[in-house]
Amino acid sequence: MDKQKIDVAVIMGSDSDLPTVAETLKIFDKFEIKYSVNIASAHRTSEFVKQCVNSAVNNGAKVFIAVAGMSAALPGVVASETILPVIGVPMSSQSLAGMDALFSVAQMPPSIPVACVSLGKAGAVNAAILSMEILALSDKTVAEKLLQYRKQMKEKILQKDKKLNESGYKKYLEEMKGNL
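The notes below deal with the structure included here. (Residues numbered from 1 in each chain as written. Predicted model: local features only at pLDDT ≥ 70, side-chain atom pairs only at ≥ 80, totals over all residues. Heavy atoms only, no water.)

## Remarks on the packing of helix H5 (residues 120-136) against helix H6 (residues 140-167)
Item 1. Put simply, H5 and H6 touch, their axes get as near as 8 Å, and they point 135° apart. One finds that H5 runs oblique with respect to H6. The hand of the H5/H6 crossing is left-handed. Seen from H5, the contacting residues are Ile129, Met132, Glu133, Leu135 and Ala136; seen from H6, they are Val142, Ala143, Leu146, Tyr149 and Arg150.
Item 2. Partitioned by chemical class, the residues of the contact of H5 with H6 number eight nonpolar, no polar and two charged. (Axes fitted to C-alpha atoms, helices over the stretch in contact; angles between N-to-C directions. Helix = DSSP H or I, 4+ residues; strand = E, 2+ residues; numbered from the N terminus. Parallel < 35°, antiparallel > 145°, perpendicular 65-115°, else oblique. Left-handed = near helix turned anticlockwise from the far one by under 90°. Contact = heavy atoms within 4.5 Å. Nonpolar A, V, L, I, M, F, W, Y, C, P; charged D, E, K, R; others polar.)

## Quick notes on unusual backbone geometry
Item 1. The phi dihedral of Glu32 falls on the positive side, at around 60°, and the residue is not glycine.
Item 2. Mapping Glu32 onto the fold places it in the loop between helix H1 (18-31) and strand E2 (35-39).
Item 3. Phi at Met70 is positive, roughly 55°, even though this residue is not glycine.
Item 4. Along the chain, the position of Met70 falls in the loop between strand E3 (63-68) and helix H3 (74-80).
Item 5. The exposure class of Met70 is exposed, given its relative accessible area of 55%. (Buried < 20%, exposed > 50% of the residue type's maximum accessible area, 1.4 Å probe, protein only.)

## What about the pairing of strand E1 (residues 8-12)?
Item 1. Counting buried residues along E1, five of its five residues qualify, which places the element largely inside the surrounding structure.
Item 2. The two faces of E1 match: Val8, Val10 and Met12 on one face and Ala9 and Ile11 on the other face are all buried.
Item 3. Inspection of the sheet shows E1 paired to E2 by five bridges, in the parallel sense. Looking across to E2, one finds that Val8 is bridged to Tyr35.
Item 4. In this region the chain leaves E1, passes through H1 and returns to the parallel neighbour E2; the handedness of that crossover is right-handed. (Pairing = 2+ DSSP bridges. Right-handed = clockwise from strand over helix to strand, strands pointing away.)

## Remarks on a nonpolar patch on the surface
Item 1. Nonpolar side chains collect at one region of the surface, where Leu164, Tyr169, Leu173 and Met176 lie side by side and expose about 390 Å² of accessible area between them.
Item 2. Counting residues per element, the nonpolar patch draws most heavily on helix H7 (residues 169-178), which supplies three residues.
Item 3. Here Leu164 lies in helix H6. (Patch = residues over 30% accessible without salt bridge, like charges linked within 9 Å, V, L, I, M, F, W, Y side chains within 5 Å. Areas by Shrake-Rupley, 256 points an atom, 1.4 Å probe, with all protein chains shown as cover. Salt bridge = Lys/Arg side-chain N within 4 Å of Asp/Glu carboxyl O.)

These results come straight from atomic positions and should not be treated as a statement about function.
This is how it looks when you write it as structure tokens:
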């Protein structure tokens, strides 16, 4: 594990989660958020999970993101090892389409909370934004970057609305199909 100062520690239960976790990391890179990332299984490497949590805390982490599928125990295990906020990202699975992971993350027992975001890629993006909102409570630079991000999102939607109303829905749909 890297010994540099970090803001957010990301722990995923499997390397198969990496394509989804990459969505989180891309946002952190864009916003210059310092992070660590590890693969650690709540069931198969429980002691390593504890090491990852302790190392992240020692390196200054203020928020954890734990990504897991199937029984999705990882977010709860991470939460049991720290008093820092933990955001759980449930992953889809072939057998139950991610419902098992969603319920596991959302149904934590009292006193060990985990914030649960949506499944998969949308959850990875939301976990990044939510963690930055937490950081923004004490970091004005992160707060300003988030305000700019929201402003850019608003502008993009308004531009799309203008284009739709100028060109009509048929032409707009044709152009959308061309961009796929």
